[in-house]
Amino acid sequence: MYRQDKDLEMMDLKLRIFVEYSKRLPYIYEIIENLKDDIEYFGYPKESIYKKSGKFYFVGMDDELLSLMVKRDKLEKEYYEELLLIKSVSEVLTKLDSDEIELLYLRYERQMTFRNIGYLKHYSYMNIARDIDNILYKFIDYNNS
């Protein structure tokens with residue numbers, strides 16, 4: 001894809017990431033819930049947790065439990081960061097009409113080229129590229145306001 005505008009490239013990348021995160025988020029949530037269940041199975045040894053210099057230290061805690069807690073915390077942080085991006089893109093999606101959403105679906109979800117979308121919609125690929133660029137500009141305008 002050849003585009004001169006860096007903002008368009010960044011928004012294009014953001015929409016590609018949005019699609020991947022949307023597919024991945026339910027799995028991350030499921031893993032987090034499984035980790036929480038595993039941690040509950042071990043139990044929380046509250047008496048062996050103490051704080052020193054702003055960090056928590058775990059005395060006598062099973063290494064497996066500690067690794068589960070660290071993994072859970074890392075995945076929760078990742079989950080909320082991905083959720084934030086999904087929410088920001090979703091806000092703009094609600095403001096688009098059905099034709100614009102269909103173009104984005106074909107381009108990003110189905111990963112079709114401009115030429116293939118043009119063939120499907122009976123337009124030239126240049127018209128499709130221009131229409132998608134205009135949609136991306138709507139995302140840019142919304143994010144800048």
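Because the structure is a prediction, the values reported are computed rather than measured. (Residues numbered from 1 in each chain as written. Predicted model: local features only at pLDDT ≥ 70, side-chain atom pairs only at ≥ 80, totals over all residues. Heavy atoms only, no water.)

Asker: Could you give me a rundown of the nonpolar core, with the residues and numbers involved?
Answerer: Formed by 34 residues in total, the largest nonpolar core has its most connected members in L15, L104, Y108, I117, I132, L136 and F139. Listing elements by their share of this core, those giving two or more residues are α1 (6-42), α2 (63-93), α3 (98-109), α4 (114-121) and α5 (125-144). It is α1 that provides the largest number of residues to this core, a total of ten residues. Leave out the neighbours within four places in its chain, and L15 touches V89, L104, Y108, L136 and F139. (Core = buried A, V, L, I, M, F, W, Y, C linked by side-chain atoms within 4.5 Å. Buried < 20%, exposed > 50% of the residue type's maximum accessible area, 1.4 Å probe, protein only. Helix = DSSP H or I, 4+ residues; strand = E, 2+ residues; numbered from the N terminus. Contact = heavy atoms within 4.5 Å.)

Asker: Explain unusual backbone geometry to me, using residue names and the numbers behind them.
Answerer: Its identity is not glycine, yet Q111 carries a phi of approximately 60°, on the positive side. Along the chain, Q111 falls in the loop between α3 and α4. Of the residues examined, Q111 reaches a relative accessible area of 55% and is grouped as exposed. Its identity as a non-glycine residue notwithstanding, H122 has a phi of 65°, on the positive side. Relative to the helices and strands, H122 resides in the loop between α4 and α5. On the basis of relative accessible area, H122 is assigned to the exposed category, the value being 71%.

Asker: Explain the packing of α1 against α5 to me, and be specific about the residues and the numbers.
Answerer: The geometry of α1 relative to α5 is characterised by a closest axis approach of 9 Å and an angle of 90° between their N-to-C directions. Compared by their axis directions, α1 and α5 come out roughly perpendicular. Facing α1, whose interface residues are D7, L8, M11, D12, K14 and L15, α5 presents D133, L136, Y137, F139, I140 and N143. For the contact of α1 with α5, a count of residues per class yields seven nonpolar, one polar and four charged. (Axes fitted to C-alpha atoms, helices over the stretch in contact; angles between N-to-C directions. Parallel < 35°, antiparallel > 145°, perpendicular 65-115°, else oblique. Nonpolar A, V, L, I, M, F, W, Y, C, P; charged D, E, K, R; others polar.)

Asker: Go over the pattern of salt bridges with me, naming the residues and quoting the values.
Answerer: Pairs can form between side chains of opposite charge once their charged atoms are near each other. In total, this model carries eleven salt bridges according to the counting rule given. The salt bridge partner of E82 is R24, with a shortest N-O separation of 2.1 Å. With E82 in helix α2 and R24 in helix α1, this pair connects stretches of sequence that are 58 residues apart. On the basis of relative accessible area, E82 is assigned to the buried category, the value being 3%. Between D73 and R72 there is a salt bridge whose closest N-O contact spans 3.0 Å. Take R72: its relative accessible area is 12%, and that puts it in the buried class. Through salt bridges with shared partners, one network takes in R24, E78 and E82. (Salt bridge = Lys/Arg side-chain N within 4 Å of Asp/Glu carboxyl O.)

Asker: Just give me the short version of a negative patch on the surface, but keep the residues and values in it.
Answerer: A cluster of acidic residues, D37, D38, E40 and E64, forms a negative patch on the protein surface. Sort the elements by how many residues they give to the negative patch and α1 lands first, with three residues. Note that D38 resides in helix α1. Relative accessible area serves as the criterion here: at 37%, D38 is assigned to the partly exposed category. (Patch = residues over 30% accessible without salt bridge, like charges linked within 9 Å, V, L, I, M, F, W, Y side chains within 5 Å. Areas by Shrake-Rupley, 256 points an atom, 1.4 Å probe, with all protein chains shown as cover. Lys, Arg positive; Asp, Glu negative; His and termini not counted. Charge placed at Lys NZ, Arg CZ, Asp CG, Glu CD.)

Asker: Residue-level account of α3, with values.
Answerer: Taken as a whole, α3 has its buried residues at E100, L103, L104, L106, R107 and Y108. The inward-facing, buried residues of α3 abut α1, α2, α4 and α5. You can read the cap of α3 off the contacts: a side-chain oxygen lies 3.2 Å from the backbone nitrogen of D99, and it is on D97. Two residues or fewer after α3 comes Q111, characterised by a positive phi angle close to 60°. (Polar contact = N/O pair within 3.5 Å; in protein donor to acceptor, adjacent residues only side chain to side chain.)

Nothing here speaks to function; it is all geometry.
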